[in-house]
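Coordinate analysis (summary)
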Amino acid sequence: MGIRTGAELIAGLDDGRELYIDGERVGDLAGDPRFAGGLRTLAELYDMQHADGLVDEMTYVSPSSGDRVGLSFIQPRSREDLVRRRVMVKRWHDHTFGMYGRAPDFMNAMLSGFGACPGAFGEFGENVRRYYELVRENDLVTTHSLTNPQVDRSKDVSEQKGPMDLAAKAVRETDSGIVIRGARMLATLGAFSDELVVMPAPSYPLPDTGQAKPYAIGFAVPVATPGMRLICRPAVVHREAGSALDFPLSSRLDETDCMVVFDDVEVPWERVFLYRDVDAFNSIYPRTGAGAGMAHQFVTKNLAKAEFMMALAFTLVRTTRIDVHQHIQGMLAELINYVEVVRSCLMASEAEPRDGPDGTLLPAMGPLDAVRFLYPQMFRRSCEIVQTMGAGGLVMVPSFAELDGPVGADIETYYQAAGADSRARIKLFRLAYDAAMSSFSGRQQLYERYFAGDLVRAAGFLYERTEKERHIERIWRILDELEAGGQTAV
């Protein structure tokens, strides 16, 4: 089958899935204003795979079918492959300004890493390899749900008892598969996905106990599986906006985030990837190297996002001519440096790759981890800089609809700026408001803070796995040399 069009993607979502929002079940997904913009954007990404002049940049020839498939599925075997994947991912995220972070390329990179190392999944390895090929060959959209509901965060999930035991777990086996009951959080893009993948959260390992084994699960099922319900958070789409230009990002880039409820859902054995194996559950990402591919994707996304925020700030300061002030130039320099740091780390990860499973090549994790930890702060600061540069103008920017309303003449007169007429200035400031101040922006800032896992826990894991002895030995060697040379500390 190979790559699908946007229309084929949308048609495939009419499958009777149980999707809920604002106290009601969603019927016509494509026609619902809470979802239509985000779904349309996803369809645009799929259509880019077919665009004249982009086919070779966006796709490659499948090694199994000979069909054209998405380049985000590639299992890189050379630096050139890493660059090709990055160019494709960057193209998608430039289209969405880096604000549609869970586009399908993220999960495609994860599944390609899993598919290259089926042995890490033990007896279920062949299931993983076949599933990767199924998604690749049919151009499916997948979401994942990695974390458990927040109940009592002072306890491990396996210690939650009675009515507080809400996390998804395997409750029994059948001849056909395993039965899952409970819930998982944060299935971003879940409303628009064909498939749901449940896998471990790297930041939350399980204890090696018998009580933890039912939670040591990994599997994939269609979103329309009977007994499975997706409950969406309220949309950030402003349905009462006077103009679509009032919230230009919110209206087209809301990915949705879902809680997934499993009401005794039976998962066929051929769709099971991990089962009651705590060791495999806790180590699947380092064993497969899948985390490197995922990080390569999201750092590329971060580059697109950093470039957009920089460009937005450049444009803002030109409209009111505040770029003549040195403190403004200093803030602009911050944004320039953010872009260069992210770009440099991305290039470094490709310049110093390491060998992966089955002849694959993995980007270096050190530079990618650096962006993982730094970019949440960078993005929040970018929003703060845009707010500072827009100042009261962001508070007072009217609806774009006012230009054609009864006070249109006032709008034309009093909302112009030195570098833009009122129409251009209002469009620009509405964009800046949505990027840096709206509920859409708030969700983006929280997303960047946590999407790659709990950074406090991740920092601990980074410290533990970093080689430290040679650095410590160097300091003692320096001190010994200073003492032997008679040097006196100043």
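First things first, this report covers the structure right here in the doc. For clarity, every value in this text was computed on a predicted model and none was experimentally measured.

1. With respect to the environment of Thr388
Tracing the backbone through its elements, the reader meets Thr388 in helix H11 (residues 365-390). Judged by its relative accessible area of 41%, Thr388 is partly exposed. Between the C-alpha atom of Thr388 and that of Arg79, which follows or precedes it by 309 residues, the distance is 41 Å.

2. Some remarks on the nonpolar core
Generally speaking, soluble globular proteins have nonpolar side chains that are buried together. One finds Phe114, Phe192, Met199 and Phe262 to be the most contacted residues of the largest nonpolar core, which totals 132 residues. With 14 residues, helix H9 (residues 290-319) is the largest single contributor of residues to this core. Look past the residues within four positions of Met199 in its chain and what remains in contact with it is Phe114, Phe121, Ser145, Leu146, Arg184, Ile217, Gly218, Phe219, Phe273, Leu274, Ile284 and Tyr285.

3. Some remarks on the pattern of salt bridges
A complete count under the given rule lists 38 salt bridges for this structure. Ionic pairing is found between Glu126 and Arg130, a salt bridge with its closest N-O pair at 3.9 Å. Taken as a pair, Glu126 and Arg130 lie in helix H6 (residues 125-138) at a separation of four residues, close to a single helical turn. In this structure Glu126 comes out as partly exposed when scored by relative accessible area, which is 37%. Using a relative accessible area of 42% as the deciding quantity, one classes Arg130 as partly exposed. In this structure, Glu133 engages Arg129 in a salt bridge whose closest nitrogen and oxygen atoms are separated by 3.1 Å. One end of the pair is Glu133 and the other is Arg129, both in helix H6 and four residues apart, which spans about a single turn.

4. Here we look at helix H15 (residues 439-450)
Here H15 spans 17 Å end to end across 12 residues, near enough to the 16 Å set by a 1.5 Å rise per residue. Of all the positions in H15, only Phe440, Ser441, Arg443, Gln444, Gln445, Tyr447 and Glu448 are classed as buried. Of the surrounding elements, those touching the buried residues of H15 are helix H7 (250-253), H9, H11 and helix H14 (422-436). Two or three places before Phe440, at the start of H15, stands the capping residue Ser438, its side-chain oxygen 3.2 Å from that residue's backbone nitrogen.

Parameters and conventions
Residues numbered from 1 in each chain as written. Predicted model: local features only at pLDDT ≥ 70, side-chain atom pairs only at ≥ 80, totals over all residues. Heavy atoms only, no water. Helix = DSSP H or I, 4+ residues; strand = E, 2+ residues; numbered from the N terminus. Buried < 20%, exposed > 50% of the residue type's maximum accessible area, 1.4 Å probe, protein only. Core = buried A, V, L, I, M, F, W, Y, C linked by side-chain atoms within 4.5 Å. Contact = heavy atoms within 4.5 Å. Salt bridge = Lys/Arg side-chain N within 4 Å of Asp/Glu carboxyl O. Expected span 1.5 Å × (residues − 1). Polar contact = N/O pair within 3.5 Å; in protein donor to acceptor, adjacent residues only side chain to side chain.

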